[in-house]
Protein chains: 2
Amino acid sequence: MGKTIGVIIDFLNDDFRSRIDAAAARYGYKTRYYPDSASAVGNVDDCEILYGHCSQKVIASAGSLKWFCCCWAGVDPFCKDELYQNPDCLLTNSSGAYGVTIAEHLIMTALMLLRRQMEYTEVIRAHEWRVLPGGIRSLYGSRITVLGAGDIGTEFARRARAFRPAKLIGVRRSARSGDGAFDEMRTTAELDSLLPETDLLVMALPNTPDTVNILDKRRMALLPEGALVINVGRGTAVDQDALIAALDSGHLGGAALDVVVPEPLPADHPLREAKNLLLTPHVAGNMTLAYTREKDVEMFLEDLESYVAGKPLKHLVDRKKGY
Amino acid sequence: MGKTIGVIIDFLNDDFRSRIDAAAARYGYKTRYYPDSASAVGNVDDCEILYGHCSQKVIASAGSLKWFCCCWAGVDPFCKDELYQNPDCLLTNSSGAYGVTIAEHLIMTALMLLRRQMEYTEVIRAHEWRVLPGGIRSLYGSRITVLGAGDIGTEFARRARAFRPAKLIGVRRSARSGDGAFDEMRTTAELDSLLPETDLLVMALPNTPDTVNILDKRRMALLPEGALVINVGRGTAVDQDALIAALDSGHLGGAALDVVVPEPLPADHPLREAKNLLLTPHVAGNMTLAYTREKDVEMFLEDLESYVAGKPLKHLVDRKKGY
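What counts and how
Residues numbered from 1 in each chain as written. Chains lettered and ligands numbered in written order. Predicted model: local features only at pLDDT ≥ 70, side-chain atom pairs only at ≥ 80, totals over all residues. Heavy atoms only, no water. Phe/Tyr/Trp six-rings, centres within 6.5 Å; stacked < 30°, edge-to-face > 60°. Helix = DSSP H or I, 4+ residues; strand = E, 2+ residues; numbered from the N terminus. Buried < 20%, exposed > 50% of the residue type's maximum accessible area, 1.4 Å probe, protein only. Lys NZ or Arg CZ within 6 Å of the ring centre and 35° of its normal. Right-handed = clockwise from strand over helix to strand, strands pointing away. Pairing = 2+ DSSP bridges. Contact = heavy atoms within 4.5 Å. Buried area = accessible area lost by both parts, 1.4 Å probe. Salt bridge = Lys/Arg side-chain N within 4 Å of Asp/Glu carboxyl O. Nonpolar A, V, L, I, M, F, W, Y, C, P; charged D, E, K, R; others polar.

Participant: Is there a simple way to think about the packing of aromatic side chains in this case?
Facilitator: Remark: the centre distance and the inter-plane angle together describe each pair of aromatic rings, the angle taken between the planes. Per the stated rule, a full pass over the model turns up 15 aromatic pairs over all chains. On the numbers, 4.1 Å between centres and 0 degrees between planes, the contact of Tyr 51 of chain A with Phe 300 of chain A is stacked. Residue Tyr 51 of chain A is located in strand β3 (residues 47–52), and its partner Phe 300 of chain A is located in helix α10 (residues 290–309); the two are separated by 249 residues in the primary sequence. You can call Tyr 51 of chain A buried: its relative accessible area is 1%. A ring pair is formed by Trp 72 of chain B and Phe 78 of chain B, whose centres lie 6.4 Å apart and whose planes are at 20 degrees; its orientation type is stacked. Residue class for Phe 78 of chain B comes out buried when judged on its relative accessible area of 2%. Joined through ring pairs, the aromatic side chains of Tyr 51, Trp 67, Phe 300 and Tyr 307 of chain A make up one cluster. Here the basic side chain of Arg 26 of chain A rests over the ring of Tyr 27 of chain A, its NZ or CZ set 5.4 Å away from the ring centre.

Participant: When you look at the pairing of strand β10 (residues 227–231) of chain B in this model, what are you seeing that I'm missing?
Facilitator: Across a regular strand the side chains alternate sides, sitting on one face of the sheet and then on the other. All names here are of chain B. The buried fraction of β10 is high, at five of five residues. Every second residue of β10 is oriented toward a common face, with Ala 227, Val 229 and Asn 231 on one face and Leu 228 and Ile 230 on the other, all of them buried. On the question of chirality, the crossover connecting strand β9 (residues 200–203) to the parallel β10 by way of helix α8 (residues 217–222) is right-handed. In this structure, β10 lies alongside strand β11 (residues 252–257), joined through five bridges in parallel fashion. Across the sheet, residue Ile 230 finds its bridge partner in β11, namely Ala 256.

Participant: Before we go on, may I ask you to explain the interface of chain A and chain B in this structure?
Facilitator: One widely used convention gives an interface's size as the accessible area the parts lose upon coming together. Facing the 52 residues of chain A at the interface are 52 residues of chain B. Regarding the contact of chain A and chain B, the summed buried area is about 4600 Å², with carbon and sulfur atoms giving 62% of it. Counting the surface chain A buries against chain B, the share from its top three residues, Glu 104, Arg 115 and Trp 129 of chain A, is 18%. If you look at where chain A meets chain B, you find four salt bridges. Across the salt bridge formed by Arg 164 of chain A and Glu 155 of chain B, the nearest N and O atoms sit 3.9 Å from each other. When contributions to the side of chain A that touches chain B are tallied by element, the ones reaching two or more residues are α4 (99–114), α5 (117–125), α6 (151–160) and β12 (277–279) of chain A. With eight residues, the single largest contributor to the side of chain A that touches chain B is α4 of chain A. Across the side of chain A that touches chain B, the residue classes tally to 26 nonpolar, eleven polar and 15 charged.

Rendered as structure tokens:
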């Protein structure tokens with residue numbers, strides 16, 4: 001019964017493999033690589049550590065598991081105690097690997113909504129060449145509120161700042177001073193008073209009981225006419241029926257959702273017909289970005305060093321809180 | 001024969017009108033407003049100053065014209081001496097009003113190309129929900145070259161900087177130190193040596209004899225496989241046939257053109273079928289953006305004050321150079 005690290009990452013390459021092998025050997029571990037979750041289920045019983053993206057079944061079948069390093073940022077499916085044979089199993093996530101790519105997604109979709117790019121795509125698709133009546137808008141001078149000011153929200157704010165918004169406010173569950181990326185940091189308790197002064201609401205929240213339906217019909221009504229909403233956290237944070245109604249009535253000027261309920265989104269789901277809604281198929285944190293993959297492996301190796309030394313893990317998740 | 005300022009701007013509102021009227025009265029001018037070029041032709045003979053966007057015919061019919069303040073940034077149609085009855089007529093442009101909005105267009109289109117947003121639009125349009133095979137890319141770590149480092153190029157660089165590119169180089173006709181927005185400033189003479197190290201080429205050049213076809217087939221071949229090109233200056237700067245070939249062959253990974261030859265682009269033009277080409281109908285500098293309109297009027301009023309005082313105009317165009 002050796003000490004084994006099981007690795008299930010679909011972005012494995014020779015460089016990553018040799019770095020993981022070298023670190024494992026240094027600390028007296030063997031490594032075993034699985035191409036996917038299906039091949040791992042039932043074959044991970046000797047793994048003390050699992051690293052990668054895998055199904056709940058893999059975790060449930062890992063009898064010797066002491067640490068699961070999940071390479072997603074949102075780990076809500078892995079926060080249930082009953083999943084683990086060992087109640088003290090550690091869970092870490094990859095918050096920190098996704099900030100750069102999701103921030104770029106956020107800036108792109110914000111500009112697409114402000115500049116009516118979905119309508120201009122239709123103009124070109126119709127083989128036309130004309131300027132649409134009515135205006136376009138700008139990040140310049142916009143009032144931006146970022147709900148969920150963690151790694152993703154902060155990386156977004158650093159980029160949004162360069163566009164000279166009128167205001168850039170970060171909102172967290174508990175008060176905590178910002179790192180300068182935001183003009184102000186506020187708490188979720190103050191959200192209702194912030195919404196009427198928000199032109200662009202960016203949502204990057206984990207899925208927890210507190211965040212489910214946090215943007216409901218009542219709060220959408222608090223946003224000013226024409227406001228824009230972008231969600232890259234979890235689909236559960238938005239009341240989708242209320243969103244469709246607010247878009248179709250014109251109260252909201254547009255929205256961009258990278259996360260929805262359910263995923264995959266059915267072909268005939270009413271969200272697909274909502275007005276001025278930019279849908280993307282959960283690709284904001286696309287793991288195909290070289291930076292994200294590189295950062296993810298780095299973060300695992302960093303925590304592996306701490307784990308072996310008995311030090312606290314940097315990316316540890318509080319399973320009770322869900323992040 | 002009074003001193004008259006003729007104004008032909010389609011974004012006129014009460015505020016702009018009262019500010020222009022007040023300034024004119026202060027300097028002893030009357031104002032006259034025309035809804036469009038058609039109504040101005042033949043009716044501008046007493047105008048000492050014209051401000052706005054109008055046809056060449058209007059300028060040619062203005063016998064007393066001493067200053068034309070054009071509210072476009074690209075004024076190549078107004079650089080011909082034969083257009084003016086008064087050979088010393090001054091020409092100013094609105095370079096400086098468009099930087100903010102065009103920079104936002106540039107960041108948006110760069111991210112859309114890097115993140116394969118045109119393909120993801122098709123995934124959603126097909127009522128699907130899936131991640132495309134192959135990767136996406138990032139502004140993070142990209143090598144960016146900005147050809148034409150004036151107001152627009154500089155405003156772009158200030159925003160691109162926040163995305164942490166590997167390199168951000170500005171290229172101008174003549175060497176001039178940058179303002180810190182760029183890592184380095186180079187001259188057009190060095191362009192060929194820069195292209196092989198360029199992942200994203202941004203073009204924001206005026207239409208002059210020097211810039212026609214500046215991105216030709218030979219220079220496209222100097223760009224590395226998969227490089228991206230965005231043009232917001234004038235369509236004449238790009239050899240369109242060579243671009244179509246470079247896109248279809250896959251040598252270029254994508255391109256975004258807001259300016260083309262001719263405009264409007266015919267419905268059956270081959271550009272419309274080119275692979276990975278993001279077309280927009282000359283809207284990057286969309287005058288419907290409040291900031292652009294505001295800035296434009298401000299710039300006119302600023303130069304009006306200088307004009308009356310006999311001081312040099314800040315936005316004066318050298319008609320020989322074309323900008």
